[in-house]
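Spelled out, the chains give:
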Amino acid sequence: MFISIAYFFQIILLQSVENPTSYQAEKINKLFNYFNIAAACMLLLVCFLVIFICIKFKEKKGDEREPKQTTGNKKIEALMIGIPALLLVWFFYQSLTTMHAVASPVPAGTEPDVIITGHQWWWEVDYPKANVVTANQVHLPVGKHLLMEMRSADVIHDWWVPELGNKMDLVPKINNYLWLDINKPGNYIGACSEFCGAQHAWMRINVIAQNENDFQNWLAQNSKDAVVPTDSVAIKGSEIFETQTCASCHRIQGTTATSNVGPDLTHLASRTELLTGLMKNNEENLYKWISHPQQVKPGAHMPDFKYEKDTVNAIVHYLSLLK
Amino acid sequence: MNQSIQIPEPASPFPGIGVSSDQGLLQWISSVDHKMIGIMYLLIALIFFLIGGAEALLMRIQLGQPVNHFLTPEAYDQIFTMHGTTMIFLVAMPAVLGFSVYFTPLMIGANEMAFPRMNSFSLWITFFGGLLLYFSFLAGGGPDAGWFNYSPLNEKNYSSSNGIDYYAMGLLLTGIGSVTTSINLIVTILHYRVKGMKLNMLPLFVWMVFVNSFLLIAAFPSLNAALAMLLLDRQFQAHFFNTANGGSALLWQHLFWIFGHPEVYIVILPPFGILSEVFPVFSRKPIFGYAFVAASSVAIALLAFGVWAHHMFAVGLGNTVDAFFSASSMLIGIPTGVKVFNWIATMYGGKIKFTVSMMFAIAFLIEFTIGGLSGIAFSIVPIDWQLTDTYYVVAHLHYVFIGGTIFGVLAGLFYWFPKMTGKMLDEKMGKWFFWLFVIGFNGTFLVQHALGMLGMPRRVFTYPDLPGYAILNLISTMGAFLMGLSVLLLVYIVYKSIKNGKAAGNDPWNGFTLEWLTTSPPPLKNFDEVPEVKSRWPLWDLKQLKEESRK
Amino acid sequence: MMKLVVGTEAMFFICLILAFIYMAYNTGFEPHDMKALDIKTTGIFTVILISSSFTFWIADKNYQKGKIKNLKIWLIITILLGATFLIGQGEEYWRLMNDKITLSSSVFGTSFYALTGFHGFHVFAGLVLLSIILVLTFFDDFNNTNSNVISTAGIYWHFVDVVWIAVFTVVYVLPQFTKY
């Protein structure tokens with residue numbers, strides 16, 4: 001029984017489940033694999049010893065002899081201390097070199113490529129060099145040595161995309177930094193990894209890594225002002241947006257709505273997901289959300305406004321034009 | 001010449017001891033007898049174990065399927081907070097202190113603890129602290145920021161119910177109970193040992209309790225300071241942790257983990273002591289490397305205060321600070337490993353008897369090694385940067401808490417139950433319990449290593465339907481229910497054995513230490529006479545002497 | 001036993017002092033707040049508290065020599081000196097609060113009042129302990145010299161004094177030499 005449990009565990013350990021696709025992730029994964037091998041050997045050793053001893057030295061019926069009363073052996077103690085110590089020294093050295101490779105100190109005055117600000121329960125994404133502000137879906141260029149700055153608007157959050165490497169906390173009043181070199185384009189998912197309140201589970205992360213050209217195109221598109229509505233329903237929707245409470249929390253670039261209490265909605269229609277990973281972005285889901293936020297994502301800071309159906313339809317229609 | 005020492009009667013009887021045994025509950029509530037207090041601690045641990053376990057099962061039902069709606073996020077948050085808080089402060093601590101308080105005087109040949117009334121005070125304030133914590137559910141909601149309760153989430157503006165205030169006050173009370181018990185234990189061990197028992201001849205359980213008590217009184221003040229500051233913030237608008245007004249979110253983490261890390265050693269050292277008693281008795285040979293086992297516990301206690309920031313590697317303290325704590329965390333793994341190898345070496349060449357107690361001890365070796373290795377993974381900072389705050393941590397902590405502390409406590413339960421009650425625990429049913437519990441436990445937590453590596457963060461009330469998540473969570477939930485069932489079986493076994501278990505006699509296991517000298521259960525005055533102690537195995541010596549005088 | 005109690009409480013004060021220092025360097029204290037502290041007056045009250053430790057020591061010596069009347073006199077003086085210290089603390093608090101420095105006014109206020117407040121509370125507890133002992137001396141409980149209650153209480157009282165020296169140094173004295 002134990003043998004099977006122990007081996008199963010070792011098999012899991014030896015699978016490198018994370019698919020490293022950044023320089024940082026690869027370096028860490030390598031170290032993790034070394035560790036798994038060492039740990040598996042150690043566990044195997046302990047299991048083997050325990051099972052062997054249990055079989056060999058089991059009390060046999062009728063055996064009245066007293067076993068040899070050994071009280072210790074300094075040589076064996078030295079080995080038991082020495083060998084793990086040597087292993088740990090090696091791992092410590094590896095740890096140091098990996099830390100330096102993955103998280104080298106940020107020279108003072110370096111401007112970050114992206115500033116991520118954690119809010120309860122969404123991500124504000126700022127590209128200072130390009131003056132672009134979006135929310136939730138993070139587009140990043142492949143093959144660049146990116147510097148990400150991590151801030152928090154309220155409580156402690158944590159940025160973690162397993163395939164892209166190490167995580168970093170977002171702590172209020174402190175600016176943390178993460179280096180990121182993504183190897184190939186793709187869609188990478190992650191999650192907030194520091195308990196931040198009721199909807200921590202739905203503060204998912206979606207990184208869309210693109211090659212340089214595509215990224216620059218996306219950046220250019222997103223720096224533009226929001227689409228101006230032309231049909232009557234959409235116009236009604238945009239009026240409601242700006243005059244009723246929407247504008248007090250959400251920003252739509254090019255309008256009078258400039259708040260960052262809630263996510264930026266300038267190009268909402270280009271995002272594939274809503275509510276930081278909770279739902280797919282389509283009109284039906286948007287309708288459900290705006291009608292009854294507290295039913296969809298209870299605890300979120302958007303109250304139930306109890307709008308009329310027409311009002312919600314207008315808003316939804318307007319927002320779905322914002323590509 | 002082997003002298004017997006008369007254990008003196010106190011000049012006047014302790015209050016509460018005069019209550020006669022047919023006054024039932026009153027005798028229990030008013031008792032200052034360390035044995036009754038020890039048993040009450042264990043009962044508190046058992047009751048809260050069932051409550052905390054129920055909380056765990058509720059969580060596992062919610063997590064059994066992706067995007068589940070069994071619990072609302074607010075409910076889930078309170079439940080997982082209370083589960084952690086209950087298991088550590090109201091299960092692990094009372095269980096460990098219960099055995100400490102019951103067996104320390106017996107193993108050193110004393111009749112009582114140094115401060116019997118304070119002993120009773122400690123018990124009841126611990127219990128009331130627990131009640132206060134649970135009262136929060138009736139007073140607007142339980143604490144909901146996690147058992148480690150990070151700021152600024154724990155501030156009034158992010159957690160507006162009074163739950164966290166109850167958390168703070170409840171833990172301050174239970175903390176007072178733990179600290180006073182430790183002071184009691186230290187004075188007892190220093191001054192009440194029978195003649196001849198030098199400190200380097202202490203039974204290893206007593207030695208672990210001794211070191212542990214120092215660790216406890218040094219670690220709890222940090223928690224007390226943090227909780228006091230939090231209450232000042234929440235109730236009097238102070239600014240320790242509220243970042244909007246200049247407070248520091250990280251100050252809480254430092255203070256909490258300066259307590260929190262020693263705390264985990266506090267709940268594991270006495271179980272290490274229990275195992276150091278169980279292995280020799282059921283291998284029929286003395287512990288291998290007594291001095292190393294004893295010294296390693298001192299090393300662990302000292303190092304425990306130098307590793308706390310390994311809980312904060314992802315917070316941005318900087319590579320130098322991280323490296324320091326990485327080194328110290330790796331270092332602390334060595335004395336622990338030494339112990340495991342010493343226990344294995346104790347079994348080697350012995351005559352092993354597979355009682356349920358011994359089975360838990362042997363299982364501990366493997367489970368705790370798994371937990372320890374996953375812990376070492378975290379000491380390697382870059383690995384921590386991937387795996388911290390994921391289900392890999394949940395797996396690690398349960399392997400060391402359950403595979404370590406609980407297995408040690410269960411080994412102690414099956415070993416010492418005959419002494420405490422005079423009845424044997426049913427070994428056959430005990431073996432069923434063992435296998436069900438071990439299979440359930442591993443089923444629940446082994447897969448969580450994989451979940452963490454796949455990317456599932458911890459403290460989430462639900463998760464998206466990503467590949468692998470659903471099936472692994474389902475296996476975990478099924479394992480949890482198996483564990484729950486086996487614990488119910490344990491309760492039944494204990495109850496049935498008390499009612500009509502086999503009579504135990506003074507020394508059913510042919511033990512080496514002084515508690516087996518007296519009757520089962522011991523009388524109010526533990527000993528009338530105790531032999532002068534000349535070695536680490538006083539009972540063994542006494543039995544040898546009796547053998548020889550017969551020949 | 002009292003040494004263990006002192007040990008655990010010492011850890012508690014170390015945490016509070018470290019928190020004070022952490023706040024000073026992390027967030028920083030307002031110069032206005034720091035300037036409001038009156039080192040001279042508090043210095044005098046510090047001397048008063050230290051002398052109460054000395055007077056207690058004299059009381060203890062008298063007790064060991066069996067001079068119970070002197071024990072009572074020096075105990076009373078110790079208690080009066082301790083109470084004077086607390087009154088002095090109260091006056092400092094009154095003055096600061098009138099200057100709008102409170103627990104919730106700033107990070108300095110928070111750290112200062114918590115640290116000195118908990119210390120003051122421990123002094124108060126010590127005074128209660130000493131008063132109980134004083135009352136018991138009047139009931140002739142300490143006519144024999146074979147009790148260790150007085151020396152045990154002494155350990156606590158001296159501890160409270162030592163903590164104050166540390167707090168005074170960190171809060172009042174050291175800032176004079178640093179950027180404040």
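The shown structure was predicted, so the numbers you read here are calculated from the model rather than taken from an experiment.

> Honestly, the overall build of chain A in this entry has me stumped. Any pointers?
Of regular secondary structure, chain A possesses nine helices and 12 strands. Relative to the compact-globule value of 20 Å for 323 residues, chain A shows a C-alpha radius of gyration of 27 Å, a clear excess of over 25%. Across its three principal axes, chain A shows a C-alpha extent of roughly 100 × 50 × 35 Å. Split into buried and exposed, the 323 residues of chain A put 52% on the buried side. For chain A, restricting intrachain contacts to residue pairs at least 6 apart in sequence, the fraction spanning at least 24 positions comes to 63%. With the model as given, the accessible surface of chain A reaches about 14900 Å², and the carbon-plus-sulfur share is 59%. Of the charged side chains in chain A, 27 are positive and 31 negative; the average position of the first set lies 11 Å away from that of the second.

> How should I be thinking about the overall build of chain B in this particular structure?
A tally of regular secondary structure across chain B gives 15 helices and two strands. Relative to a compact globule of 551 residues, whose C-alpha radius of gyration would be 24 Å, chain B shows 23 Å and is just as compact. Its C-alpha atoms give chain B principal-axis dimensions of about 75 × 50 × 50 Å. Looking at the 551 residues of chain B, the share that counts as buried comes to 68%.

> I would appreciate a short explanation of the environment of I189(B) in the present structure.
Residues and elements named next belong to chain B. Relative to the assigned elements, I189 resides in helix 5 (residues 163-191). Taking the C-alpha atoms as reference points, I189 and L199, separated by 10 residues in sequence, lie 8.8 Å from one another. Setting aside anything within four residues of it in sequence, one finds I189 in contact with T104, I108, L199, L202, V206, V209 and F210.

> Got a minute to help me understand the interface of chain C and chain B in this structure?
Frequently, the measure chosen for interface size is the accessible area removed from exposure when the parts meet. Listed by partner, the interface residues are 22 residues for chain C and 28 residues for chain B. For the pair chain C and chain B, the summed buried area comes to about 2000 Å², and 82% of that belongs to carbon and sulfur atoms. Across the chain C-chain B interface, the total number found is zero salt bridges. The set of elements that each furnish at least two residues to the side of chain C that touches chain B consists of helix 1 (2-26) and helix 5 (107-138) of chain C. In terms of residue count, the dominant contributor to the side of chain C that touches chain B is helix 1 of chain C (11 residues).

> Can you walk me through the sheet that holds strand 10 (residues 204-210) of chain A in this structure?
In sheet architecture, strand pairing relies on hydrogen bonds along the backbone and comes in two forms, parallel and antiparallel. Residue and element names in this part refer to chain A. Strand order across the open sheet formed by three strands is 4-10-9, with mixed pairing between neighbours. Either end of the sheet is taken by a strand with one partner, and the two such strands are strand 4 (137-141) and strand 9 (186-191). With strand direction ignored, the average angle separating the axes of adjacent strands in the sheet is 25°. Here strand 9 pairs with strand 10 via six bridges, running antiparallel. Each bridged residue has a counterpart across the sheet, and for Y188 the counterpart in strand 10 is V207.

> What is the right way to read the state of the cysteines from this model?
Defined simply, a disulfide is a covalent bond joining two cysteines at their sulfur atoms. Residue and element names in this part refer to chain A. Counted by the stated rule, this structure contains zero disulfides over all chains. Unpaired in terms of disulfides, C249 finds its nearest cysteine sulfur in C246, a separation of 8.8 Å. What makes C249 partly exposed here is its relative accessible area of 28%.

> Would you take a moment to explain the packing of aromatic side chains for this structure?
The relation between two aromatic rings is expressed through the spacing of the ring centres and the mutual angle of the planes. Going through the model one piece at a time under the given rule, you end up with 82 aromatic pairs over all chains. Seen from their ring centres, F364(B) and F368(B) are 5.0 Å apart, and the 10° between their planes marks the pair as stacked. Of this pair, F364(B) and F368(B) both sit in helix 10 (residues 356-379), four residues apart, which is roughly one turn of the helix. In terms of burial, F364(B) and F368(B) fall into one category: buried. Among the aromatic residues, those joined into a cluster by ring pairs are F89(B), W147(B), F148(B), Y150(B), F220(B), F240(B), F241(B), W252(B), F256(B), W257(B) and F259(B). K167(A) extends its terminal NZ or CZ atom over the ring of W160(A), reaching a point 3.9 Å from the ring centre.

> Looking at this structure, how should I read the packing of helix 1 of chain C against helix 6 (residues 149-173) of chain C?
All names here are of chain C. Direction vectors running N to C along helix 1 and helix 6 enclose 10°, while the axes themselves pass 10 Å from each other. Taken together, the axis directions place helix 1 and helix 6 in an arrangement best described as roughly parallel. Across the interface between the two elements, M2, K3, V6, E9, A10, F13, I17, F20 and I21 of helix 1 pack against T152, I155, Y156, F159, V163, A166, V167, V170 and V171 of helix 6. Grouping the amino acids of the contact of helix 1 with helix 6 by side-chain chemistry returns 15 nonpolar, one polar and two charged.

> Could you clarify how one ought to interpret the interface of chain A and chain B in this entry?
Each side of the interface is counted separately: chain A has 88 residues, and chain B has 96 residues. Our count for the contact surface shared by chain A and chain B stands at zero salt bridges. Where chain A meets chain B, there are 16 residue pairs in polar contact (both at pLDDT 80 or more). Taken together, the elements giving at least two residues each to the side of chain A that touches chain B come down to helix 1 (2-14), helix 2 (23-56), helix 3 (74-102), strand 7 (168-170) and strand 9 of chain A.

> Explain a nonpolar patch on the surface to me, please; I cannot follow it from the model alone.
Residue and element names in this part refer to chain B. The grouping of L58, I61, F70 and F481 at the surface amounts to a nonpolar patch, some 310 Å² of accessible area in total. Structurally, the position occupied by F70 is in the loop between helix 2 (34-63) and helix 3 (73-107). Classification of F70 by relative accessible area gives partly exposed; the value is 41%.

> Whenever I open this one, the domain arrangement of chain A confuses me. Can you help?
Residues and elements named next belong to chain A. Domain annotation for chain A reports domain 1 (2-55 + 83-102), domain 2 (114-206) and domain 3 (232-319). Taken residue by residue, the interface counts 11 residues in domain 1 and 12 residues in domain 2. At the boundary of domain 1 with domain 2, total buried surface from both sides reaches about 920 Å², with 46% on carbon and sulfur atoms. The tally of links from domain 1 across to domain 2 stands at zero salt bridges. Among the elements that take part in the side of domain 1 that touches domain 2, helix 2 stands out by supplying five residues, more than any other. Considered class by class, the residues forming the side of domain 1 that touches domain 2 number five nonpolar, four polar and two charged.

> Would you take a moment to explain the side chain of R60(B) for this structure?
Residue and element names in this part refer to chain B. For R60, the position within the fold is in helix 2. We note that R60 is buried and unpaired, the nearest opposite charge coming from D465 at a distance of 13 Å. Dropping the residues within four chain positions of it, R60 is found in contact with Y391, Q448, N473, S476, T477 and A480.

> What is the right way to read the arrangement of the chains from this model?
Contacts are most numerous between chains A and B, considering all two pairs of chains that are in contact. With no contact between them, chain A and chain C keep their nearest C-alpha atoms 10 Å apart.

> Please clarify how the pattern of salt bridges should be interpreted in this entry.
Pairing between side chains of opposite charge can happen when the charged atoms of each approach one another. Per the counting criterion, the structure on display carries 12 salt bridges over all chains. Salt-bridge contacts for D113(A) lead to K129(A); the nearest nitrogen and oxygen are separated by 2.9 Å. Taken together, the residues span a long stretch of sequence, with D113(A) in the loop between helix 3 and strand 1 (114-119) and K129(A) in the loop between strand 2 (122-127) and strand 3 (132-135) at a distance of 16 residues. For K129(A), a relative accessible area of 53% gives the class exposed. Among the ionic pairs, D507(B) bridges to K543(B), the shortest N-O distance being 2.6 Å. Of the two residues, D507(B) sits in the loop between helix 14 (469-500) and strand 2 (529-531) while K543(B) sits in helix 15 (residues 538-550), which places them 36 residues apart along the sequence.

> How do you make sense of the packing of helix 2 of chain A against helix 3 of chain A when you look at a structure like this?
The relative placement of two packed helices is expressed as an angle between their axes plus a distance between the axes. All names here are of chain A. The interhelical angle for the contact between helix 2 and helix 3, taken along N-to-C directions, is 170°, at an axis separation of 9 Å. What the angle tells us is that helix 2 and helix 3 run roughly antiparallel. Residues Y23, Q24, K27, I28, L31, Y34, F35, A38 and M42 of helix 2 touch helix 3, and the partners they reach there are L87, W90, F91, Q94, S95, T98, A101 and V102. In terms of residue class, the contact of helix 2 with helix 3 is made up of 12 nonpolar, four polar and one charged.

> Quick question: what am I supposed to make of the pairing of strand 3 of chain A here?
Along any regular strand the residues' side chains alternate between the sheet's two faces. Residue and element names in this part refer to chain A. Here strand 3 shows a buried face lined by V132 and T134 and a second buried face lined by V133 and A135. Where strand 2 and strand 3 come together, four bridges link them in antiparallel fashion. Considered in strand 3, the bridge of V125 is made with T134. Linkage of strand 2 to strand 3, two consecutive antiparallel strands, is achieved through a turn of four residues, within which N131 is found at a positive phi near 60°.

> Can you help me understand the environment of K35(C) in this one?
Residue and element names in this part refer to chain C. Looking at the element boundaries, K35 is found in helix 2 (residues 31-35). On the accessibility criterion, K35 (66% relative accessible area) is exposed. A C-alpha to C-alpha distance of 21 Å links K35 and I87, two positions 52 residues apart in sequence.

> Just to check I follow, could you spell out the confidence of the model for chain B for this structure?
The predicted coordinates ought not to be read in detail in places where the model reports low pLDDT. Residue and element names in this part refer to chain B. Residues at a pLDDT of 70 or more form 96% of chain B, whose mean pLDDT is 91. Segment residues 15-19 is flagged for pLDDT under 50; beyond a separation of four residues in sequence, or across chains, it makes seven contacts in the model. With a pTM of 0.93, the predicted complex shows an ipTM of 0.92.

Cut-off values and rules
Residues numbered from 1 in each chain as written. Chains lettered and ligands numbered in written order. Predicted model: local features only at pLDDT ≥ 70, side-chain atom pairs only at ≥ 80, totals over all residues. Heavy atoms only, no water. Helix = DSSP H or I, 4+ residues; strand = E, 2+ residues; numbered from the N terminus. Rg over C-alpha atoms; globule rule 2.2 N^0.38 Å. Buried < 20%, exposed > 50% of the residue type's maximum accessible area, 1.4 Å probe, protein only. Contact = heavy atoms within 4.5 Å. Areas by Shrake-Rupley, 256 points an atom, 1.4 Å probe, with all protein chains shown as cover. Lys, Arg positive; Asp, Glu negative; His and termini not counted. Charge placed at Lys NZ, Arg CZ, Asp CG, Glu CD. Buried area = accessible area lost by both parts, 1.4 Å probe. Salt bridge = Lys/Arg side-chain N within 4 Å of Asp/Glu carboxyl O. Pairing = 2+ DSSP bridges. Axes fitted to C-alpha atoms, helices over the stretch in contact; angles between N-to-C directions. Disulfide = S-S within 2.5 Å. Phe/Tyr/Trp six-rings, centres within 6.5 Å; stacked < 30°, edge-to-face > 60°. Lys NZ or Arg CZ within 6 Å of the ring centre and 35° of its normal. Parallel < 35°, antiparallel > 145°, perpendicular 65-115°, else oblique. Nonpolar A, V, L, I, M, F, W, Y, C, P; charged D, E, K, R; others polar. Polar contact = N/O pair within 3.5 Å; in protein donor to acceptor, adjacent residues only side chain to side chain. Patch = residues over 30% accessible without salt bridge, like charges linked within 9 Å, V, L, I, M, F, W, Y side chains within 5 Å. Domains from an automatic or database assignment. pLDDT = per-residue confidence, 0-100.

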